[in-house]
Structures are given as C-alpha cells and as structure tokens.
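So the chains spell out like this:
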Amino acid sequence: MKHILPGILAMAAIVVASNILVQFLILDGLLTWGAFAYPFAFLVTDLMNRLYGPKDARKVIYAGFIAGIICSLIGTQIILQGEGFTYPAVALRVAIGSATAFLIAQLVDVFVFDKLRTGTWWKAPLVSSIIGSALDTAIFFSIAFSQSIQIFGENADMEINWAWEAAPLLLSGPDAPLWVTLALTDWFVKLALVLIALVPFRIILQRVHTDVV
C-alpha cells in the first residue's frame, strides 16, 4: 500500500481541488476552473497502472471515489444565498452524477489501458483517457442535468432546471438545452488536457521507470 500512497494523495488532491474550483465560473458560465483540474485524474490513474498494474490503479481510484463522496456530502449541506432564494453548493443530481461518472470512467480507463499496455508508450494513456473522459462527460452531464432522467424527484430537478433552458449550441448553433453546450465545452477541454498530459506522463515514467517502452 505504501508504494501507491503518492498516487492516492495526488488523486485525492485533484478530486478535492476540482470540487472547490467547480464553484468558480469562467467564459460566461460555459466552464468552471474545475474543468482544468479534474482531467489530471486520468494522468494519475494511468501512471499508477503503468507503474504498478491495474489492481493498484483501482485502489487509487477507490480512494479518489471516497474523497469525492465526502466532498459532495459536505457540498450538499452548504447552503448558499441567491437573489431571494437559497440553494445547496452541490445539487443532489450533480453529486450523484459526479460520483457515478468518476467511478465508471476511471475503471474503464484502467481496463482499456491494460489491454493496450504492450503497445507504443503513448497509445495506452491516450486511448484510455479519451474513452474514459468521453464516458465521464456523457455520464455526468446526463445524470446531473438531462431532463429525460426524472428519477430523483421534483426538488432535485428544481435545483438544476436552469440547465434545461434553450440556448444556441456552442453559442452559435441551433437551440439546444444549455447543458448540452456545457457538456461539449467540458469534453473539448478534456481532449486538450489528455494530449497535454502525455508530456508529464512520459517525463515521470522516464525518471522513475527507465525501462518503460
């Protein structure tokens, strides 16, 4: 367990930072600063997988999952004040979507990475992170905001119904629910960071595991 402690700490730090930074909007609300922190969870998972194998990588994921649940539970209990109304810092659907998406996407990332482990050094982290981040975006935004999912109750839906409003897709396309634009914007950021993360992935491996191909 001691050998994966750096991975556990890094994953927990990323999850906690993402939960804090998601409260700060940029680009007129299309993104949050959390969108730039969270994708590095895939870097941590892939490094642990490459260095220690899928079993230990999954342990790191479970630690991050627990950290995320704790953050979400705290966030749902923090009540913020709006203009004439109050609302939780973390909506129930957002909390459930975040935890579900994290666990499924990260575990799929481990599975795909392991299947491509013997290929060129960049193939496993690139393909697994692209697939994992696509799943993460699709699962999170569907559970958190899609109007077609109505299993959480009226109160939970009211917390996020602002995302159902029609708006030009990516600010210039045909009208679509706002959450679809938010999901696509989030996905584009994840794609960019997946490519950027290949640089630290390679550098770290060369320093701690020089026989990696």
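Asker: Can you lay out the pattern of salt bridges for me, pointing to particular residues and giving the numbers?
Answerer: Note that side chains of opposite charge can pair when their charged atoms are close. The full count for this structure, using the stated rule, is five salt bridges. Notably, a salt bridge pairs Lys-190 with Asp-136, separated by 3.5 Å at the nearest N-O pair. You can see Lys-190 sitting in helix α8 (residues 178-208) and its partner Asp-136 sitting in helix α6 (residues 123-145), a full 54 residues away along the chain. Its salt-bridge partner being Lys-190, residue Asp-186 comes within 2.2 Å of it at the nearest N-O pair.

Asker: Go over the nonpolar core, please, and point to the residues and values.
Answerer: With 17 residues, the main nonpolar core has Met-11, Ala-41, Val-44, Met-48, Val-60 and Phe-102 as its most contacted residues. For this core, the secondary structure elements donating two or more residues are α1 (5-21), α3 (40-52), α4 (54-77) and α5 (92-115). With 14 residues, the next largest nonpolar core counts Ala-91, Ile-139, Phe-140 and Leu-182 among its residues.

Asker: Mind laying out the packing of aromatic side chains, listing which residues take part and the relevant values?
Answerer: Taken as a whole, this structure holds nine aromatic pairs when the rule is applied. Counting every residue linked through ring pairs, the aromatic cluster contains Phe-140, Phe-141, Phe-145 and Trp-162.

Asker: Lay out the packing of α3 against α5 with the relevant residues and their values.
Answerer: Contact geometry for α3 and α5: axes closest at 10 Å, N-to-C directions at 40°. Between α3 and α5, the interaxial angle falls into the category oblique. Read as a crossing pair, α3 and α5 show a hand that is right-handed. Taking contact as the criterion, the partners of Ala-41, Phe-42, Thr-45, Asp-46, Asn-49 and Arg-50 in α3 are, on α5, Phe-102, Ala-105, Gln-106, Asp-109, Val-110, Phe-113 and Asp-114. Grouping the constituent residues of the contact of α3 with α5 by class yields six nonpolar, three polar and four charged.

Asker: Report on a nonpolar patch on the surface, specifying residues and quantitative values.
Answerer: A cluster of nonpolar side chains, contributed by Val-16, Ile-20, Leu-21, Phe-24, Trp-33 and Phe-36, occupies part of the molecular surface with about 540 Å² of accessible area. You can see Leu-21 is positioned in helix α1. Residue class for Leu-21 comes out partly exposed when judged on its relative accessible area of 31%.

Asker: Account for α4, with residues named and values stated.
Answerer: Between its terminal C-alpha atoms α4 stretches 35 Å, which fits the 34 Å expected from 24 residues at 1.5 Å a residue. Listing the buried residues of α4 in full gives Asp-56, Ala-57, Val-60, Ile-61, Gly-64, Ala-67, Gly-68, Cys-71, Ser-72 and Gly-75. As for α4, its buried residues are in contact with α1, α3, β4 (86-88) and α5.

Asker: Go over the side chain of Thr-181 with me, naming the residues and quoting the values.
Answerer: Looking at where Thr-181 falls in the secondary structure, it is placed in helix α8. Looking at Thr-181, its side chain comes within polar contact range of the main-chain nitrogen of Leu-170, at 3.0 Å.

Conventions used here
- Residues numbered from 1 in each chain as written.
- Predicted model: local features only at pLDDT ≥ 70, side-chain atom pairs only at ≥ 80, totals over all residues.
- Heavy atoms only, no water.
- Salt bridge = Lys/Arg side-chain N within 4 Å of Asp/Glu carboxyl O.
- Helix = DSSP H or I, 4+ residues; strand = E, 2+ residues; numbered from the N terminus.
- Core = buried A, V, L, I, M, F, W, Y, C linked by side-chain atoms within 4.5 Å.
- Buried < 20%, exposed > 50% of the residue type's maximum accessible area, 1.4 Å probe, protein only.
- Phe/Tyr/Trp six-rings, centres within 6.5 Å; stacked < 30°, edge-to-face > 60°.
- Axes fitted to C-alpha atoms, helices over the stretch in contact; angles between N-to-C directions.
- Parallel < 35°, antiparallel > 145°, perpendicular 65-115°, else oblique.
- Left-handed = near helix turned anticlockwise from the far one by under 90°.
- Contact = heavy atoms within 4.5 Å.
- Nonpolar A, V, L, I, M, F, W, Y, C, P; charged D, E, K, R; others polar.
- Patch = residues over 30% accessible without salt bridge, like charges linked within 9 Å, V, L, I, M, F, W, Y side chains within 5 Å.
- Areas by Shrake-Rupley, 256 points an atom, 1.4 Å probe, with all protein chains shown as cover.
- Expected span 1.5 Å × (residues − 1).
- Polar contact = N/O pair within 3.5 Å; in protein donor to acceptor, adjacent residues only side chain to side chain.

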